[in-house]
Amino acid sequence: MNNYNPQLHHRRSIRLQGYDYSQEGLYFVTICAQNMECIFGNIINNKMILNDIGQTIESACQQIEQQYPHIQFNIYCIMPNHFHAIIEITYPRTGGSRTPLPASSPKPLGRIIGAFKTITTKSINLRNNTPDKRLWHRNYYEHIIRNDYSYQNIYNYILENPERWGEDKYKR
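Residues numbered from 1 in each chain as written. Predicted model: local features only at pLDDT ≥ 70, side-chain atom pairs only at ≥ 80, totals over all residues. Heavy atoms only, no water.

### Quick notes on helix α2 (residues 109-128)
And then number 1: Between its first and last C-alpha atoms α2 spans 28 Å; for 20 residues at 1.5 Å apiece the expected length is 28 Å, and the two agree.
And then number 2: Among all positions in α2, only Leu109, Ile112, Ile113, Ala115, Phe116, Lys117, Ile119, Thr120, Thr121, Ile124 and Asn125 are buried.
And then number 3: The elements touched by buried residues of α2 are β1 (25-32), α1 (52-67), β4 (71-78), β5 (82-89) and β6 (141-145). (Helix = DSSP H or I, 4+ residues; strand = E, 2+ residues; numbered from the N terminus. Expected span 1.5 Å × (residues − 1). Buried < 20%, exposed > 50% of the residue type's maximum accessible area, 1.4 Å probe, protein only. Contact = heavy atoms within 4.5 Å.)

This is how it looks when you write it as structure tokens:
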């Protein structure tokens, strides 16, 4: 493994500096397929029809929720070449108390996205006998949802995304 060299490794982070992404909250996430390839299915009559790869991605959402009980996908949409979701991070509460239980190791959003990418990539590559094929773009986009108005707008955007595929900025 190469050591960190600030002369070579100087990418600017797109994350909110100083923000704790393991804290409770709602996050709007977009993950794009490698090279923006349309490999998850097709839009037919304004509805997303998942292929095998798209179905594997859908199964991974359930697997992530089982693996990380503090994670919930409030809504998600698999598009031909990208994935949108509202991910909620919550921690269990003690009895009637409003104090969260101490989490043994709270997972930040980046680790959850990493697990999601790993689960989907390994499963698809194993099935297709392509051990080194990259499924996802190396980064992801996120937005911290801070109020109900923002939540409703993003929720509706995700819900209606297949209907707007013709004008989608990710369409290639």
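Picking up after the structure, the text goes on.
### Notes on the environment of Glu160
And then number 1: With respect to the helices and strands, Glu160 occurs in the segment after α3 (148-159).
And then number 2: A residue is classified by how much of its surface remains accessible, and Glu160, at 34% relative accessible area, is partly exposed.
And then number 3: Each C-alpha atom of the pair Glu160 and Lys47 lies 9.4 Å from the other, and the pair is 113 residues apart in sequence.

### Quick word on the confidence of the model for the protein
Any residue range with low pLDDT should be treated as having predicted coordinates unsuitable for detailed reading.
And then number 1: The predicted model of the protein averages 87 in pLDDT, with 83% of residues at 70 or higher.
And then number 2: When the elements of the protein are averaged for pLDDT, α2 gives the smallest value, 93, and α3 the largest, 98. (pLDDT = per-residue confidence, 0-100.)

### So, the pairing of β5
And then number 1: Across the eight residues of β5, seven count as buried, placing the element largely inside the fold.
And then number 2: Alignment of β1 against β5, held across eight bridges, turns out to be antiparallel. Considered in β5, the bridge of Leu26 is made with Glu88.
And then number 3: As defined by bridge partners, β4 adjoins β5 across seven bridges and the pair is classed as antiparallel. Note that in β5 the partner of Ile71 across the bridge is Ile89.
And then number 4: As consecutive antiparallel partners, β4 and β5 are separated by three residues. (Pairing = 2+ DSSP bridges.)

### Digging into the environment of Arg172
And then number 1: Tracing the backbone shows Arg172 in the segment after α3.
And then number 2: A relative accessible area of 70% places Arg172 in the exposed class.
And then number 3: When neighbours within four sequence positions are excluded, Arg172 is seen to be in contact with Met36, Cys38 and Asn81.

### What to know about the pattern of salt bridges
And then number 1: By the definition in use, this model includes two salt bridges.
And then number 2: The partner of Glu37 in a salt bridge is Lys133, with the nearest N and O atoms 3.8 Å apart. Highlighted residues: Glu37 in the loop between β1 and β2 (41-44) and Lys133 in the loop between α2 and β6, separated in sequence by 96 residues.
And then number 3: Put simply, Arg164 and Glu160 hold a salt bridge, and the shortest N to O gap is 3.5 Å. (Salt bridge = Lys/Arg side-chain N within 4 Å of Asp/Glu carboxyl O.)

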